[in-house]
Amino acid sequence: MIYFDNGSTSHPKAPGVADAVRDIIERGCFNINRGGYAGAYEVSELVFGAREKVARLFGGASGREVAFTSGVTMSLNVALKGLLRRGDRVVVTQMEHNAVLRPLAQLRAMGVEVETARCFADGRLDLDDMDAKITARTRLAVMTHASNVCGVILPVREVGAICRARGARLLVDCAQTAGVLPISMRRDNIDILAFSGHKGLLATQGIGGLVLSQELAAEIVPLVSGGTGSYSDAADMPTELPDRLEAGTLNIPGIAALSAALDYIEETGIAAIRAREAALLKRLTDGVNSISGVRIAGTDNLADKIAVAALDFAGMDNASVAARLDEEFGIMTRCGLHCAPNAHRTLGTYPRGAVRCSLGYFNTEAEIDLLAVALKQIVKGR
Ligand SMILES: Cc1ncc(COP(=O)(O)O)c(C=O)c1O
């Protein structure tokens, strides 16, 4: 079986992840901040260490500014619903995932103004339009770091600089880029970073988080409130991170998985991961471009892309192509609209959708070559 659906979730996970989960469960998967015994302190250290690793990976100030959540969808909901109030203005791009669009649709119904900056037909952001739409009235810009449909990388640093100049904040959805591209919150002018552990970070589902400053966290009205194991006599949620955004029991097995995966990523190096995935994307692109009847939607400048390719077939239904890839060749892809309808509208693949091949660090050249063979046969028999 060949797995090209890493944009959905990574497979396989990083070496060490399965052992880390087994190990914590066998040793004692105790809660932190609640138990006064050695086992609980050990788990606290593991969680503290994981926060530090996340902060290091993203150039955050400190591990205390990392709040764990169930994933990027929850992180985006916490940030958007906690920050935005009636009358606030927010700017997004045409490449956003429903994890951004749907919370904003709810907020729009409550009086938040949502504006959309244009992307070109190849997926790249029209920075002039973004510049024009971020005004002194804009509270927040929200953008994906890279499109989960066509892989185009958006100019986060430039948008962040515009936000800084106008007094707006920048929230970045790093679902597709965490563990895949170098990211530095300081250098890239990111105020709030949302991530999931199970995609490029090579850990398990159900763990992710937010990285943001203490000052900004104090402005967020917590979406979820409850026990934190701290300030138990207070009626309100603590003002400081991470407790402010971490009500209830944490996903300790998920944090153990993330911690082990982050060790692997640190040892391997983001530069090596990026180089490997770029080489695989080049091979896939060359292979697909040699076949008539199929095109790759979005920019063909590979330096501007993560290892995602949306295949658009002339006169063929993408769902049946994906089904044939799976049934006849054992190649797993994802068809349809990929939870990002506006991205497909922009790329000219709406409403039919596309067959997305999203590569991972563990894919091989031989697997890519098999895809080309399979596509040739499918297109020939059209
Ligand atoms: C760009 C983008 N944002 C958000 C998400 C949501 O991620 P999760 O399901 O891990 O919360 C995804 C997942 O596909 C994504 O690609």
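Here the structure is a predicted model, which is why all the values come from computation and not from measurement. Every residue gets a number counted from 1 within its own chain, in the order that chain's sequence is written. Only residues with pLDDT of at least 70 get local features here, since the model is predicted, and only at 80 or more are side-chain atom pairs given and counted; chain-wide, interface and lining totals rely on the full set of residues. No hydrogens and no water enter the side-chain calculation; it runs on all heavy atoms of the structure.

Owing to its 3.6 residues per turn, the α-helix aligns residues three or four sequence positions apart on the same side. In this model, helix α3 (residues 72-83) (12 residues) spans 16 Å end to end at C-alpha, consistent with the 16 Å of a helix rising 1.5 Å per residue. Burial of α3 is extensive: nine of the 12 residues sit out of reach of the surface. In this description a helix means any DSSP run of H or I spanning at least four residues, a strand means any run of E spanning at least two, and both kinds are numbered starting from the N terminus. Any helix carries an expected span of 1.5 Å times its number of residues minus one. Under the scheme applied here, a residue whose accessible area is under 20% of the maximum for its type counts as buried, over 50% as exposed, and between as partly exposed, the area being computed with a 1.4 Å probe on protein chains only.

Covered by surrounding structure in strand β2 (residues 66-69) are Val66 and Phe68 together with Ala67 and Thr69, the residues of both alternating faces. At least two bridges found by DSSP between two strands is the condition for calling them paired. With four bridges connecting them, β2 and strand β8 (residues 208-211) associate as antiparallel partners. Its bridge partner lying in β8, valine 66 is registered against valine 211.

If you trace the backbone, arginine 51 turns up in helix α2 (residues 38-58). A relative accessible area of 8% means that arginine 51 is categorised as buried. It only takes one pair of heavy atoms within 4.5 Å for two residues to be counted as in contact. What arginine 51 contacts, discounting residues up to four positions off in sequence, is Ile32, Gly63, Val66, Ala67, Phe68, Pro242, Glu246 and Leu250.

A few words now on the pattern of salt bridges. Think of a salt bridge as a Lys or Arg side-chain nitrogen and an Asp or Glu carboxyl oxygen that are within 4 Å of each other. In total, this model carries 26 salt bridges according to the counting rule given. Here arginine 27 and glutamate 42 are joined by a salt bridge, their closest N and O atoms 2.8 Å apart. With arginine 27 in helix α1 (residues 17-27) and glutamate 42 in helix α2, this pair connects stretches of sequence that are 15 residues apart. In this structure, the salt-bridge partner of aspartate 369 is arginine 283, at a minimum N-O distance of 2.8 Å. A residue pair is termed long-range when its members are at least 10 positions apart, and aspartate 369 in helix α12 (residues 365-380) and arginine 283 in helix α9 (residues 270-289) qualify at 86 residues. Salt bridges linked by common partners bring Asp88, Arg139, Arg169 and Glu219 together as one network.

Here, proximity means that at least one heavy atom of the residue falls within 4 Å of the molecule or strand. Contacts to the ligand come from 13 residues, most closely from Thr73, Asp173, Gln176, Ser196 and Lys199. Aspartate 173 places a side-chain nitrogen or oxygen 2.6 Å from a nitrogen atom of the ligand. In the model, an oxygen atom of the ligand is placed 2.7 Å from a nitrogen or oxygen of the glutamine 176 side chain. For the ligand, whose unbound accessible area comes to 390 Å², protein coverage reaches 86%. Class assignment for the residues of the shell around the ligand results in three nonpolar, eight polar and two charged. Pairing of N or O atoms within 3.5 Å defines a polar contact, subject to two protein rules: one partner must be a possible hydrogen donor and the other a possible acceptor, and residues neighboring in sequence count only if both atoms are side-chain atoms. Throughout, the Shrake-Rupley method with a 1.4 Å probe supplies accessible areas, and for residues the shown protein chains are the sole cover considered. Each residue gets one of three labels, nonpolar for Ala, Val, Leu, Ile, Met, Phe, Trp, Tyr, Cys and Pro, charged for Asp, Glu, Lys and Arg, and polar for the others, Gly among them.

Here the focus is the packing of α3 against helix α4 (residues 98-109). Here, axes are lines fitted to C-alpha atoms. For helices the fit covers the stretch in contact, and angles between N-to-C directions go from 0 to 180 degrees. Two elements in contact, α3 and α4, have axes whose closest approach is 9 Å; the angle formed by their N-to-C orientations is 30°. Judged by the angle between their axes, α3 and α4 are roughly parallel. The interaxial crossing formed by α3 with α4 has right-handed handedness. In contact with Thr73, Leu76, Asn77, Leu80 and Lys81 of α3, α4 contributes Ala99, Val100, Pro103, Leu104, Gln106 and Leu107. Of the residues belonging to the contact of α3 with α4, the class tally is seven nonpolar, three polar and one charged. Each angle gets one of four labels, with under 35 degrees taken as roughly parallel, over 145 as roughly antiparallel, 65 to 115 as roughly perpendicular, and the rest as oblique. Handedness of each helix crossing follows the sense of rotation of the near helix against the far helix: counterclockwise by less than a right angle gives left-handed, clockwise gives right-handed.

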